[in-house]
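# What the coordinates show
Residues per chain, in single letters:
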Amino acid sequence: MDELMPNDSARSAFDAAELLSRTELPKHLMFAGRSLALVGVILPLFLIGILKFTQIEIDALKPLIGGTPWLAWLYPVFGEAGASYLLGTVELLTVVLFAASPWSARAGVAAGALGSLTFAVTVSTMFALPIWEESLGGFPWLNATGQFLIKDVALLGVSIIVLGEGLARLKQMRHPV
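Now for a description of the structure that goes with this document. (Residues numbered from 1 in each chain as written. Predicted model: local features only at pLDDT ≥ 70, side-chain atom pairs only at ≥ 80, totals over all residues. Heavy atoms only, no water.)

One finds Val-41, Leu-45, Phe-98, Phe-119 and Val-162 to be the most contacted residues of the largest nonpolar core, which totals 13 residues. Of all the elements in the fold, those that place two or more residues in this core are α2 (25-51), α4 (74-100), α5 (105-124) and α6 (144-174). Top element by residues in this core is α6. It accounts for 4 residues. When near neighbours in sequence (up to four residues on either side) are disregarded, Val-162 contacts Arg-34, Leu-38, Phe-98, Ser-101, Gly-108 and Gly-112. (Core = buried A, V, L, I, M, F, W, Y, C linked by side-chain atoms within 4.5 Å. Buried < 20%, exposed > 50% of the residue type's maximum accessible area, 1.4 Å probe, protein only. Helix = DSSP H or I, 4+ residues; strand = E, 2+ residues; numbered from the N terminus. Contact = heavy atoms within 4.5 Å.)

Quick look at the structure:
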């Protein structure tokens, strides 16, 4: 072991890491991280979801929905306000399900599925909309649309994790070890 740890400071760091891994710290860090990730999905979904019921957001969605071929059908079917209200309703329902997911496996599955669908759709719009700042030479410089949408990659990841956890909990409830 001494050959691997040539000086005292390296050995001290190794010993500290070893001690911390034997404590409850990793478990607490994982709990804190998961809780923050959940809040990181709930908060934007709630704030953006309630905005969907305002004229400002209805207007802001026009280039996003209208410029994305796989979403443009929402306007002829629901109208501009109706499409926004539908999206807001789904987002707020998803918030409630995410909030309930620590206590309910079924809520976790529903939240994870709805969140994954929501964020997969919003991430997919980056392939149809201009997201690069042309005045700076394009890629990798994001414009305002790109800056708004890029966060949804992480939110999609958290949604998939919540979905997977919910499915694992349901499986365990049906087939205990």
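Quick look at the packing of α2 against α6 now. For any two helices packed against each other, one specifies the crossing angle of their axes together with the interaxial distance. Two elements in contact, α2 and α6, have axes whose closest approach is 10 Å; the angle formed by their N-to-C orientations is 125°. Judged on the interaxial angle alone, α6 and α2 are oblique. For α2 against α6, the interelement crossing comes out left-handed. Where α2 abuts α6, its residues Arg-34, Ala-37, Leu-38, Gly-40, Val-41, Pro-44 and Ile-48 lie against Phe-148, Lys-151, Leu-155, Val-158, Val-162 and Glu-165. (Axes fitted to C-alpha atoms, helices over the stretch in contact; angles between N-to-C directions. Parallel < 35°, antiparallel > 145°, perpendicular 65-115°, else oblique. Left-handed = near helix turned anticlockwise from the far one by under 90°.)

Here the focus is α4. At 3.6 residues per turn, the α-helix brings residues three or four places apart onto the same side. An ideal rise of 1.5 Å per residue puts 39 Å on 27 residues; α4 reaches only 29 Å between its terminal C-alpha atoms. The largest bend along α4 reaches roughly 85° and is located at Glu-80. Against α2, α3 (55-66), α5 and α6 lie the buried residues of α4. (Expected span 1.5 Å × (residues − 1). Bend = angle between axes of the 7 residues up to and from the residue.)

Enumeration according to the criterion identifies 3 aromatic pairs in this entry. Residues Phe-53 and Tyr-85 carry aromatic rings whose centres are separated by 5.5 Å and whose planes lie at 15° to one another, so their mutual orientation is stacked. Of this pair, Phe-53 sits in the loop between α2 and α3 while Tyr-85 sits in helix α4, placing them 32 residues apart in sequence. What makes Phe-53 partly exposed here is its relative accessible area of 38%. Of the residues examined, Tyr-85 reaches a relative accessible area of 36% and is grouped as partly exposed. Judged by centre distance (6.3 Å) and plane angle (55°), the ring pair of Trp-73 and Phe-78 falls under tilted. What makes Phe-78 partly exposed here is its relative accessible area of 38%. (Phe/Tyr/Trp six-rings, centres within 6.5 Å; stacked < 30°, edge-to-face > 60°.)

On the surface, Val-39, Leu-43, Phe-46, Leu-47 and Ile-50 cluster together to form a nonpolar patch covering roughly 430 Å² of accessible area. With respect to the secondary-structure elements, Ile-50 resides in helix α2. (Patch = residues over 30% accessible without salt bridge, like charges linked within 9 Å, V, L, I, M, F, W, Y side chains within 5 Å. Areas by Shrake-Rupley, 256 points an atom, 1.4 Å probe, with all protein chains shown as cover. Salt bridge = Lys/Arg side-chain N within 4 Å of Asp/Glu carboxyl O.)

As a further point, take the layout of surface pockets. If you add up the space inside the largest pocket, you get close to 580 Å³. Looking at the largest pocket, it is lined by 28 residues, and the ones nearest its centre are Leu-87, Glu-91, Thr-118, Val-121 and Thr-122. Every element with two or more residues in the lining of the largest pocket is listed here: α2, α3, α4, α5 and α6. (1 Å grid on protein atoms, 1.4 Å probe; cavity = no way out; pocket = protein on both sides within 12 Å on 5 of 7 lines; lining within 4 Å. Points joined across faces, edges and corners; volume = space filled by probe spheres on them.)

The subject of this paragraph is the pattern of salt bridges. Counted under the stated rule, the structure contains 7 salt bridges. The closest approach of N and O atoms between Glu-24 and Lys-27, which form a salt bridge, is 3.8 Å. Lys-52 serves as the salt-bridge partner of Glu-57, at 3.4 Å between the closest nitrogen and oxygen.

The residue Leu-74 is located in helix α4 in this model. Sequence separation between Leu-74 and Leu-86 is 12 residues; the distance between their C-alpha atoms is 9.4 Å. Other than its neighbours up to four places away in sequence, Leu-74 contacts Ile-65, Gly-79, Ala-83 and Leu-86.

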